[in-house]
Amino acid sequence: MAGGVHAGQVGGATRRAPHLTKSNEDYIESIYRIMQEHGAMDGVRSVDVAEQLGVSKASVNKAVSTLRDAGYVEQNRYGRIQLTDMGLVYAKRVWRCHRMLRLFLVRDLGVDPKVADEEACLMEHALSDDTQDRWLAYLEKQGIAVED
């Protein structure tokens, strides 16, 4: 994938960059979701990320520092957090995987939507990009679209 999102091969499957932990992926996904939900193209406030993830503002600031050093986010002079192009690509992929898993769990397995959302959040971090692509292709063959 463009933008340096891939890091290498694991068992023949391309994996996302190893320096991003599950927690860091959750922060990137949260920033993206808030941007989408609120049309916040000028960035999001750390307090909004903290609220969505149920963490302290200090935890958000620490994660933002790590993500900034890795090139996934920037902060403007007002402190708003923005995804870089690379961060946006990464966030879209994580969020799409989350939605795909949630949809599959609810629609095909009958899992309660709240449980499906929580479990999709756990599962999204474990799948290789190749597996995600294959799963999306499978769903598309079933006539099920997961929107970008």
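**Student:** Give a detailed account of the layout of surface pockets, specifying residues and quantitative values.
**Tutor:** Of the volumes computed, that of the largest pocket is approximately 200 Å³. For the largest pocket, the full set of lining residues is Asp26, Glu29, Ser30, Arg33, Gln52, Leu53, His98, Lys114, Asp117, Glu118 and Cys121. Put simply, the parts of the chain that give the lining of the largest pocket at least two residues each are α1 (22–38), α2 (46–53) and α5 (113–123). The residue makeup of the lining of the largest pocket, split by class, is two nonpolar, three polar and six charged.

**Student:** Residues and numbers for the packing of aromatic side chains, please.
**Tutor:** Counting across every chain of the model gives two aromatic pairs. Relative to tyrosine 90, the ring of tyrosine 72 has its centre 5.3 Å away and its plane inclined at 75°; by these criteria the two rings are edge-to-face. Of this pair, tyrosine 72 sits in the loop between α3 (57–69) and β3 (73–75) while tyrosine 90 sits in helix α4 (residues 85–107), and the two are 18 residues apart along the sequence. Overall, tyrosine 90 belongs to the buried group, its relative accessible area being 0%. Here the aromatic rings of phenylalanine 104 and tryptophan 135 are separated by 5.2 Å at their centres, their planes lie at 80°, and the arrangement is edge-to-face.

**Student:** Give me the lowdown on the nonpolar core, citing residues and values where you can.
**Tutor:** One recurring pattern in soluble globular proteins is that nonpolar side chains are buried together. Grouped together as the largest cluster of nonpolar side chains are 23 residues, with contacts concentrated most on Ile28, Ile31, Val44 and Leu83. For this core, the elements supplying multiple residues, two or more each, are α1, α2, α3, β4 (81–83) and α4. Among the nonpolar cores identified, the runner-up in size contains 11 residues, and Leu101, Phe104, Ala120 and Leu127 belong to it.

**Student:** Go over the packing of α4 against helix α6 (residues 129–141), please, and point to the residues and values.
**Tutor:** Where α4 contacts α6, the axes come no closer than 11 Å and their chain directions differ by 50°. The orientation of α4 relative to α6 falls into the category oblique. α6 is crossed by α4, and the crossing has left-handed handedness. Contact residues: Arg93, Arg96, Cys97, Met100, Leu101 and Phe104 in α4; Asp129, Gln132, Asp133, Trp135, Leu136, Leu139 and Glu140 in α6. Split into classes, the residues belonging to the contact of α4 with α6 amount to seven nonpolar, one polar and five charged.

About the thresholds
Residues numbered from 1 in each chain as written. Predicted model: local features only at pLDDT ≥ 70, side-chain atom pairs only at ≥ 80, totals over all residues. Heavy atoms only, no water. 1 Å grid on protein atoms, 1.4 Å probe; cavity = no way out; pocket = protein on both sides within 12 Å on 5 of 7 lines; lining within 4 Å. Points joined across faces, edges and corners; volume = space filled by probe spheres on them. Helix = DSSP H or I, 4+ residues; strand = E, 2+ residues; numbered from the N terminus. Nonpolar A, V, L, I, M, F, W, Y, C, P; charged D, E, K, R; others polar. Phe/Tyr/Trp six-rings, centres within 6.5 Å; stacked < 30°, edge-to-face > 60°. Buried < 20%, exposed > 50% of the residue type's maximum accessible area, 1.4 Å probe, protein only. Core = buried A, V, L, I, M, F, W, Y, C linked by side-chain atoms within 4.5 Å. Axes fitted to C-alpha atoms, helices over the stretch in contact; angles between N-to-C directions. Parallel < 35°, antiparallel > 145°, perpendicular 65-115°, else oblique. Left-handed = near helix turned anticlockwise from the far one by under 90°. Contact = heavy atoms within 4.5 Å.

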